[in-house]
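What the coordinates show
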Amino acid sequence: PTFADPNCSSCGQGMGDFEVDYQDTSADFWPIVAAIDPVAVVTCSRTNALNAWEVEMNSVNFLSWVSDYTAPFLPTPTPPDASVPGNFVRQSTLPMQQILNAVGSSGLPLNAFIDQTDSGNFLSGYMAYHGMWYQSLHAAASDPTRCISAGHIHVGPNIAWNTAIEGTKVTLRTVTTHLDSILAAPGGGDVNVDGLVNVLDLLGVVAAWGVCPAPPIHCPADVDHNGSVNILDLLFVVSHWGS
């Protein structure tokens, strides 16, 4: 969101996307991930811990939340995620230690550490939970909209804008390297990225038929990279069977 005073200490709800409001945050989040089908999600929010680059290990489907600024003051529903019990803990799938190592060796004046408690029961924790929740829904290797990593970073209020931007770049490069180590190179017919080309990959192409997003967003089932999923992709998989 934006704030009338960008250097505020008690900032309130703000204006625009991802306001400090439960309903607004959720209403903004779900359409964005539905449109993008992200392979990773890194959510961020402010913390009071000065120069902290605080990588959160846990987010919680809390039964009890701190009130926001506009009625309804609590998440609707509470707890947000009906698929798991209240107070269920989801864990970050970001390469947390690698992020710490990269930020620590960058020379940036950031205090990077892993918080092993939770990301809180206000809007920060709510946003963190949304990212990890989305990743869990799309974690399967056979999912054409597979999401491999998600997690949350709390950013300290004493960090200068330019430093925060550079810290974000370091973090995203680290996450990208992590994704490259998991994902197979595009092509080869391995749609579900399990290291084999077999009937599961054929099923992956069929499942994505007419569903995959258009370029420039990459669709794993578009194995011949022609911008659509069709019979040519099935033939491509067959031709690489057993490779």
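Residues numbered from 1 in each chain as written. Predicted model: local features only at pLDDT ≥ 70, side-chain atom pairs only at ≥ 80, totals over all residues. Heavy atoms only, no water.

Examining the sheet that holds strand β5 (residues 111-115)
Defined as follows: Note: two strands are recorded as paired if DSSP finds a minimum of 2 bridges between them. Under the scheme used here, helices are H or I runs from DSSP no shorter than 4 residues and strands are E runs no shorter than 2 residues, and both carry numbers assigned from the N terminus. Throughout, an axis means a line fitted to C-alpha atoms (over the contacting stretch in the case of helices), and angles, computed between N-to-C directions, take values from 0 to 180 degrees.
Judged by pairing direction, the sheet is mixed, and its four strands sit side by side in the order β1-β6-β2-β5 without closing on themselves. Edge positions in the sheet fall to β1 (40-46) and β5, since each has one partner strand and no second. Strand-to-strand twist of the sheet, defined as the mean angle between neighbouring strand axes without regard to direction, takes the value 25 degrees. Of the strand pairs in this sheet, β1 and strand β6 (residues 149-155) are connected by seven bridges, and their pairing is parallel. For arginine 46, the partnering residue across the bridge sits in β6 and is valine 155.

So, a nonpolar patch on the surface
We apply this condition: Patch membership needs two things, relative accessible area over 30% and no salt bridge, and members are linked within 9 Å if like-charged or within 5 Å if nonpolar (Val, Leu, Ile, Met, Phe, Trp, Tyr). The Shrake-Rupley method, run with a 1.4 Å probe, gives the accessible areas here. Residue values count only the displayed protein chains as cover. We define a salt bridge as a contact between a side-chain nitrogen of Lys or Arg and a carboxyl oxygen of Asp or Glu at a distance within 4 Å.
A cluster of nonpolar residues, Val199, Leu200, Leu203, Val238 and Trp241, forms a patch on the protein surface that exposes about 470 Å² of accessible area. Per-element tally for the nonpolar patch: the top contributor is helix α5 (residues 199-208), with three residues. Positionally, leucine 200 belongs in helix α5.

Remarks on the packing of aromatic side chains
For clarity, the cut-off: Side-chain rings of Phe, Tyr and Trp (the six-membered ring for Trp) are treated as a pair once their centres are within 6.5 Å; stacked means planes under 30 degrees apart, edge-to-face means over 60, and tilted covers the remaining angles. Three exposure classes are used, based on accessible area relative to the maximum for each residue type with a 1.4 Å probe and protein chains only: buried under 20%, partly exposed in between, and exposed over 50%.
Tallying each qualifying case throughout the model produces nine aromatic pairs. Aromatic side chains tyrosine 22 and phenylalanine 122 sit 6.4 Å apart centroid to centroid with 90 degrees between the ring planes, which places their arrangement in the edge-to-face category. In this pair, tyrosine 22 sits in helix α1 (residues 22-36) while phenylalanine 122 sits in the loop between β5 and α3 (123-137), placing the two residues 100 residues apart along the sequence. In this structure tyrosine 22 comes out as buried when scored by relative accessible area, which is 0%. Its relative accessible area of 26% is what places phenylalanine 122 among the partly exposed residues. For the pair tryptophan 30 and tryptophan 133, a centre-to-centre distance of 5.1 Å together with 85 degrees between the ring planes defines the contact as edge-to-face. Of the two residues, tryptophan 30 sits in helix α1 while tryptophan 133 sits in helix α3, which places them 103 residues apart along the sequence. Exposure remark for tryptophan 133: the relative accessible area of 12% places this residue in the buried category. Here the aromatic cluster, defined as three or more aromatic residues joined through ring pairs, consists of Tyr22, Phe62, Trp65, Tyr69, Phe122 and Tyr126.

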